[in-house]
Amino acid sequence: MKKLLKYLRHYKAQAVLAPLFKLLEAAFELFVPLVVSAIINEIDAGNGSVSYVIYACLILVALGVVGLISAVAAQYFAAKAAVGFSKELRHDLFGKMQSLSYSQIDKLGTGRMITRMTSDVNQIQSGVNLVLRLFMRSPFIVFGAMIMAFTISTLAGGVFAITIAVLCAVVFGIMLVSIPLYKKVQSNLDEVTTSTRETLTGARVLRAFCKEEDEVASYNKKNAELTKSQLFVGKISALMNPLTYAVINAAIIALMYVGAIKFNAGALDRGQVVALYNYMSQILIELIKLANLIITVTKSFACAGRINEILEMQPSLIYGADSAVEEVSDGHFIEFKNVALNYGNAAINALENISFTVERGQTVGIIGGTGSGKTSLVNLLPHFYDAVTGEVLIDGVNVNAIGDEILRDKCGIVPQRAVLFEGTVRKNMQWGAESATDEEIMSAIETAQALDVIKAKDGGLDEKVEQGGKNFSGGQRQRLTIARALVKKPEILILDDSASALDYATDANLRKSLKGLPYDPTVFIVSQRTSSIMHADKIIVLDGGRAVGLGTHDELLKTCDIYREIHFSQFEKEGA
């Protein structure tokens, strides 16, 4: 939690003013029992001074008004500091998540990251708010009441001191037990969040396979585990209030016994006994607040630890690792040199011993069976992953030595899953180039064979895109994402199975249009169809992460059994 306090640096004034106003409120509150004691003693003495009682009551009202103003001010400053704290924490946390490599994101999981961004941050925000309001006030009241008790009676003050010592042991004991248990609760919440996200994302698939009941059962199991862990730690935390009440009530009994003895001996008057009782009642109220604070802070500490895990993570991608980068003598635009790729220390490499060269302006086709490493290969170009051995060179420079922003600015990437973002078609297209004009956007859309998509929509480029582009079909999304990549006029265009939803005629027209682009990009086409890559300048055939074929379509039909099998199985099925 200490490491997160830096997010209060812009709210130092509020973080100081909130507890100060609370201390001011508490100070006035400590005077209330003394005023009440004075009123009782005045009446008990038989003086019956109405003016004195009225004067004392006015003092009580004044103390209440000042206390109320102080409480409202403290709440305002505490809320402002807590909200600002969470804003800056979310900003850095989101930035850190964006800097992590694909491998780290895969390992963390989307559901867990969402939980940290939402539930964990909200819990810490609540903790900061309560700490600023109560962390100093409650101990101040507790120890202030004890000091006031000592001023009235040393013996009564001793009762207060023993009571506070026992209460501290109860509170901190429960806190130490609860912290690891709350971490487990948040981990179970991760599982529920992940399950919810998967279920909502794959709702159509679940219904298609009639798996709703199975998924509900799986979700209920995870939810039951979350509930069980919450109930368990909740029972332990719930011990705080009854134990506090038991200790305080025992202390009140002891205080009344001591007060009675002192009163009979003439050492105390009625007003002082009532004041002692009021001070003990104040302690009870504050300890109830402190108990709730401790529970909230315990949850906050657990959540802070989980957030720190991400904030302290260092991006696993290597930057500038190769200080001895030299220009390649034969001037190849792109070169893979004995490249291997591994995901998370897996037993088998996803890619192994991949070597090939590509010249500027060439079209490269990549084909192979499911899981053969096609996507893994193209993900190395924009430095989404690091090669565990070998080098990936662009213009003779290792991609590790190129800034990612510079490198990815060279690339236009269309992933397997076509993703559009909420907004308008124009806004989505301008992700490729913020300054792109409507003419440039329409040119890219025409090249991507998406002109009919725009014409079919009443809004044209201003047509609203719903979250995930769900108001467009799969083929329409694919063509629009291709257009978005083309808007930036990239040097390297990566189409990762991005035409799978297109019919053969549209696919053929797309490839023809790409060939006619004036800026002549180097194109990588990942596909399951030989028809999509048969006209490529170079085709790489992958099998089990290894390159088992390299050449043109005609060459591979003669030399590569796997390519020949893929090609003829497709053409037989298509009746060609």
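Residues numbered from 1 in each chain as written. Predicted model: local features only at pLDDT ≥ 70, side-chain atom pairs only at ≥ 80, totals over all residues. Heavy atoms only, no water.

Time to look at the overall build of the protein chain. Per the secondary structure count, the protein chain includes 20 helices and 12 strands. For the protein chain, whose C-alpha radius of gyration is 35 Å, the value lies well above the compact-globule estimate of 25 Å for 576 residues. Structurally, the protein chain occupies a C-alpha span of about 115 × 55 × 50 Å along its principal axes. Put simply, the protein chain has 576 residues, and 47% of those count as buried. A fraction of 77% describes how many contacts in the protein chain between residues 6 or more apart in sequence connect residues 24 or more apart. Averaged over its 56 positive side-chain charges, the protein chain has a centre that lies 8 Å from the centre of its 58 negative ones. (Helix = DSSP H or I, 4+ residues; strand = E, 2+ residues; numbered from the N terminus. Rg over C-alpha atoms; globule rule 2.2 N^0.38 Å. Buried < 20%, exposed > 50% of the residue type's maximum accessible area, 1.4 Å probe, protein only. Contact = heavy atoms within 4.5 Å. Lys, Arg positive; Asp, Glu negative; His and termini not counted. Charge placed at Lys NZ, Arg CZ, Asp CG, Glu CD.)

A separate point is the packing of helix α4 (residues 110-135) against helix α6 (residues 154-201). Helix packing for two helices is described by the angle between their axes and how far apart those axes are. At a minimum axis separation of 8 Å, α4 and α6 run at an interaxial angle of 120°. Viewed along their axes, α4 and α6 adopt a mutual orientation that is oblique. The element α4 and its partner α6 pack so that their crossing is right-handed. Contact residues: Thr110, Gly111, Arg112, Ile114, Thr115, Arg116, Ser119 and Asp120 in α4; Gln186, Leu189, Asp190, Glu191, Thr193, Thr194 and Arg197 in α6. When its residues are assigned to classes, the contact of α4 with α6 shows two nonpolar, seven polar and six charged. (Axes fitted to C-alpha atoms, helices over the stretch in contact; angles between N-to-C directions. Parallel < 35°, antiparallel > 145°, perpendicular 65-115°, else oblique. Left-handed = near helix turned anticlockwise from the far one by under 90°. Nonpolar A, V, L, I, M, F, W, Y, C, P; charged D, E, K, R; others polar.)

What follows concerns the packing of aromatic side chains. Counted according to the given criterion, the structure contains six aromatic pairs. Where Phe21 meets Phe77, the ring centres are 5.9 Å apart and the plane angle is 20°; that geometry is what we call stacked. With Phe21 in helix α1 (residues 12-44) and Phe77 in helix α2 (residues 50-99), the pair connects residues that are 56 residues apart, well separated along the chain. Aromatic pair Phe336 and Phe356: ring centres 4.5 Å apart, planes at 15°, arrangement stacked. One end of the pair, Phe336, is in strand β1 (residues 334-341); the other, Phe356, is in strand β2 (residues 351-358), with 20 residues separating them in the sequence. (Phe/Tyr/Trp six-rings, centres within 6.5 Å; stacked < 30°, edge-to-face > 60°.)

For the rest of this paragraph, the subject is the sheet that holds strand β9 (residues 492-496). Across the sheet, six strands lie side by side as β6-β9-β10-β3-β11-β12; this open sheet has mixed pairing. Edge positions in the sheet fall to β6 (411-414) and β12 (546-551), since each of these pairs with one other strand and no more. Ignoring strand direction, the axes of neighbouring strands in this sheet form an average angle of 15°. Note that strand β3 (residues 363-368) and strand β10 (residues 522-526) share four bridges and pair parallel. (Pairing = 2+ DSSP bridges.)

Here we take up the nonpolar core. Counting residues in each nonpolar core, the largest one holds 49 residues, and the members touching the most others are Phe160, Ile248, Leu276 and Tyr279. Of all the secondary structure elements, the ones that give two or more residues to this core are α1, α4, α5 (137-152), α6, α8 (212-238), α9 (240-264) and α10 (270-311). The element contributing the most residues to this core is α10, with 16 residues. Excluding anything up to four places from it in sequence, Phe160 contacts Ala145, Met146, Ala149, Leu255, Leu276, Tyr279, Met280 and Ile283. (Core = buried A, V, L, I, M, F, W, Y, C linked by side-chain atoms within 4.5 Å.)

With that out of the way, let us pick up the pattern of salt bridges. Applying the stated criterion across every chain yields a total of 18 salt bridges. Across the salt bridge formed by Arg360 and Asp395, the nearest N and O atoms sit 3.2 Å from each other. Taken together, the residues Arg360 in the loop between β2 and β3 and Asp395 in the loop between β4 (389-394) and β5 (397-398) connect sequence positions 35 residues apart. Owing to a relative accessible area of 47%, Arg360 belongs among the partly exposed residues under this scheme. Under the relative-accessibility criterion, Asp395 is labelled partly exposed at 32%. One connected set of salt bridges, linked through shared partners, spans Lys22, Glu25, Glu29 and Arg137. (Salt bridge = Lys/Arg side-chain N within 4 Å of Asp/Glu carboxyl O.)

What follows concerns the environment of Leu381. With respect to the helices and strands, Leu381 occurs in the loop between α11 (374-379) and β4. Exposure remark for Leu381: the relative accessible area of 0% places this residue in the buried category. For the pair Leu381 and Arg408, spaced 27 residues apart in sequence, the C-alpha separation works out to 8.8 Å. Among residues more than four places away in sequence, those in contact with Leu381 are Ile334, Phe336, Val392, Ile394, Val399, Leu407, Ile494 and Phe524.

On to a nonpolar patch on the surface. Taken together, the side chains of Val16, Leu17 and Leu20 make up a nonpolar region of the molecular surface, amounting to roughly 240 Å² of accessible area. One can find Val16 in helix α1. (Patch = residues over 30% accessible without salt bridge, like charges linked within 9 Å, V, L, I, M, F, W, Y side chains within 5 Å. Areas by Shrake-Rupley, 256 points an atom, 1.4 Å probe, with all protein chains shown as cover.)

The subject of this paragraph is the pairing of strand β11 (residues 538-543). In the case of a regular strand, side chains alternate between the two sheet surfaces. Across the six residues of β11, five count as buried, placing the element largely inside the fold. Of the pairings in the sheet, the one linking β3 to β11 comprises five bridges and is parallel in character. Counterpart to Ile366 in the pairing with β11 is Ile540. Bridging between β11 and β12 involves five bridges; their strand directions are antiparallel. Directly across from Asp543, in β12, lies its bridge partner Arg546. Linking β11 to β12, which pair antiparallel, is a turn of two residues; within it Gly544 sits at a positive phi near 60°.

Attention now goes to the side chain of Ser70. Examined against the element boundaries, Ser70 turns out to sit in helix α2. Here Val66 takes part through its backbone oxygen, which lies 2.9 Å from a polar atom of the side chain of Ser70. In this structure Ser70 touches Phe21, Leu24 and Glu25, once residues within four positions along its chain are discounted. (Polar contact = N/O pair within 3.5 Å; in protein donor to acceptor, adjacent residues only side chain to side chain.)

Further remarks concern unusual backbone geometry. Phi at His383 is positive, roughly 65°, even though this residue is not glycine. Structurally, the position occupied by His383 is in the loop between α11 and β4. According to the relative accessible area criterion, His383 is buried, its value standing at 0%. If you check the backbone angles, Asp520 has positive phi at about 50° while not being a glycine.

Next up on the list: the confidence of the model for the protein chain. Summary statistics for the protein chain give a mean pLDDT of 84 and a share of 95% for residues scoring 70 or more. Per-residue pLDDT stays below 50 along residues 321-329; that stretch engages in 15 contacts with residues further than four places along the chain or on separate chains. (pLDDT = per-residue confidence, 0-100.)

Helix length check: α5, at 16 residues, gives a terminal C-alpha distance of 22 Å against a target of 22 Å (1.5 Å per residue), a fit within 8%. Along α5, the residues classified as buried are Arg137, Ser138, Ile141, Val142, Gly144, Ala145, Met146, Met148, Ala149 and Ile152. (Expected span 1.5 Å × (residues − 1).)

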